[in-house]
Amino acid sequence: MILNFQNSALTLTAGRPDQLPQKATPQIALSGRSNVGKSSLINSLLGRKNLARVSSSPGKTITVNFYEIDKKLYLVDLPGYGYAKRSEAERRIWAGLTDGYFTRYIDRVPFLSVLQLIDLKTGPTRDDEMMFDWMEGNGIPYFVAATKCDKLNKTDRAEAEQELRTYLGEDRLVIPFSSLTGEGREELRSHLCELYRTKGM
């Protein structure tokens with residue numbers, strides 16, 4: 001692979017839009033609701049057990065975390081959305097950070113794609129649907145990791161995958177993923193390498 005995923009580090013954590021880095025490094029942003037498994041996916045993808053801390057309280061931390069892969073690519077963990085217990089002030093912080101990220105980077109650095117995470121067992125929530133609508137409306141490229149695929153039996157999984165692919169359109173890339181079994185990890189790595197090769201180098 002053209003990227004060494006083990007050569008990775010958390011290089012910056014931004015709690016305010018003005019803390020977002022100016023460095024023009026190719027980026028792939030991770031988006032998804034709280035408790036969808038972003039931290040577990042990051043740890044599995046980068047081959048590091050505790051690089052991204054898995055919170056026992058979903059939605060507790062509102063930061064944008066920049067993971068540098070092989071000094072070539074940023075994997076950007078956006079704060080999770082859809083956390084019901086979040087206060088109005090916290091919601092404003094979340095919106096300001098997320099909007100600030102996309103406003104700053106979409107047209108100014110080699111922004112490659114959004115990796116949108118969906119819990120395969122739950123399926124797209126209303127918040128997920130709003131995110132899909134927003135990305136579609138703004139022409140933002142994205143692909144999907146269907147997390148926690150190991151939680152379903154064979155029949156339920158096949159049905160859930162088909163429902164998700166029907167909802168998104170058959171031409172949209174959907175990668176079933178499990179941080180427990182490692183399923184989907186190599187396919188995700190390969191696609192990130194391909195995005196970097198074709199759009200980021």
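A brief report on the enclosed structure follows.

What counts and how
Residues numbered from 1 in each chain as written. Predicted model: local features only at pLDDT ≥ 70, side-chain atom pairs only at ≥ 80, totals over all residues. Heavy atoms only, no water. Core = buried A, V, L, I, M, F, W, Y, C linked by side-chain atoms within 4.5 Å. Buried < 20%, exposed > 50% of the residue type's maximum accessible area, 1.4 Å probe, protein only. Helix = DSSP H or I, 4+ residues; strand = E, 2+ residues; numbered from the N terminus. Expected span 1.5 Å × (residues − 1). Contact = heavy atoms within 4.5 Å. Arc of directions from axis to C-beta. Salt bridge = Lys/Arg side-chain N within 4 Å of Asp/Glu carboxyl O. Phe/Tyr/Trp six-rings, centres within 6.5 Å; stacked < 30°, edge-to-face > 60°. Lys NZ or Arg CZ within 6 Å of the ring centre and 35° of its normal. Pairing = 2+ DSSP bridges. Axes fitted to C-alpha atoms, helices over the stretch in contact; angles between N-to-C directions.

1. Section: the nonpolar core
By size, the foremost hydrophobic cluster in this structure holds 32 residues, and its most contacted members are V64, F66, Y101, F102, V114, V144 and L164. Those elements that place two or more of their residues in this core are β3 (64–69), β4 (73–77), α2 (88–105), β5 (111–119), α3 (126–137), β6 (142–147) and α4 (154–168). No other element matches α2, which puts 4 residues into this core. Listed in part, the 27 residues of the second largest apolar core include L41, I42, A145 and L188.

2. With respect to α2
For α2, which comprises 18 residues, the first-to-last C-alpha distance of 26 Å matches the rise-based estimate of 26 Å (1.5 Å per residue) to within 8%. The set of residues buried in α2 consists of L97, T98, G100, Y101, F102, R104 and Y105. Next to the buried residues of α2 lie β1 (8–14), β2 (27–31), β3, β4, β5 and α3.

3. Looking at α3
Between the first and last C-alpha of α3 there are 16 Å, a value that for 12 residues agrees with the 16 Å anticipated at 1.5 Å per step. When α3 is considered as a whole, its buried residues turn out to be D128, M131, F132 and M135. All buried residues of α3 lie within an arc of 100° about the axis, which places them on one face of the element. Every exposed residue of α3 that faces more than 90 degrees away from the buried side is listed here: R126 and G137. The inward-facing, buried residues of α3 abut β2, α2, β5, β6 and α4. Once α3 ends, the next one or two residues include G139, with phi positive near 65°.

4. Examining the pattern of salt bridges
Within this structure, the stated rule accounts for 13 salt bridges. Between R16 and D18 there is a salt bridge, with the nearest N and O atoms lying 3.0 Å from each other. Overall, the relative accessible area of 55% leaves D18 in the exposed class. Across the pair E161 and R165 runs a salt bridge, and its minimum N-O distance is 3.6 Å.

5. Overview of the packing of aromatic side chains
The tally for this structure, following the rule as stated, stands at 10 aromatic pairs. When the ring centre of Y142 is taken as reference, the NZ or CZ atom of R172 above it lies at 3.8 Å.

6. Concerning the sheet that holds β2
Taking strand neighbours across the sheet as the criterion, the 7 strands line up as β1-β3-β4-β2-β5-β6-β7 in an open arrangement whose pairing is mixed. Of all the strands in the sheet, the pair left with one neighbour each is β1 and β7 (174–176). Each strand axis lies, on average, 25° off the axis of its neighbour in the sheet, ignoring direction. Taken together, the 3 bridges between β6 and β7 define a ladder with parallel strand orientation. Looking across to β7, one finds that A145 is bridged to I175. Where α4 meets the sheet, its contacts fall on β5, β6 and β7, and the angle it forms with β7 comes to roughly 160°. Each of β2, β4, β5, β6 and β7 touches helix α5 (residues 185–200); the most contacted strand, β5, lies at about 160° to it.

7. Re the pairing of β3
Counting buried positions along β3 gives 6 out of 6 residues, so the element sits mostly inside the fold. Two strands pair when backbone bridges link them, and β1 and β3 are joined in this way by 6 bridges, in the antiparallel orientation. Each residue of the ladder has a partner; that of A14, found in β3, is V64. From the end of β3 to the start of β4, which pair antiparallel, there are 3 residues, and D70 there has a positive phi angle of about 55°.

8. Here we look at unusual backbone geometry
In most cases, non-glycine residues show a negative phi, while peptide bonds are predominantly trans. In the Ramachandran plot, D70 falls in the positive-phi region, its phi being about 55° despite a non-glycine side chain. Unusually for a residue other than glycine, K148 sits at a positive phi of about 60°. Mapped onto the elements of the fold, K148 is located in the loop between β6 and α4. Residue classification places K148 among the partly exposed positions, given a relative accessible area of 25%.

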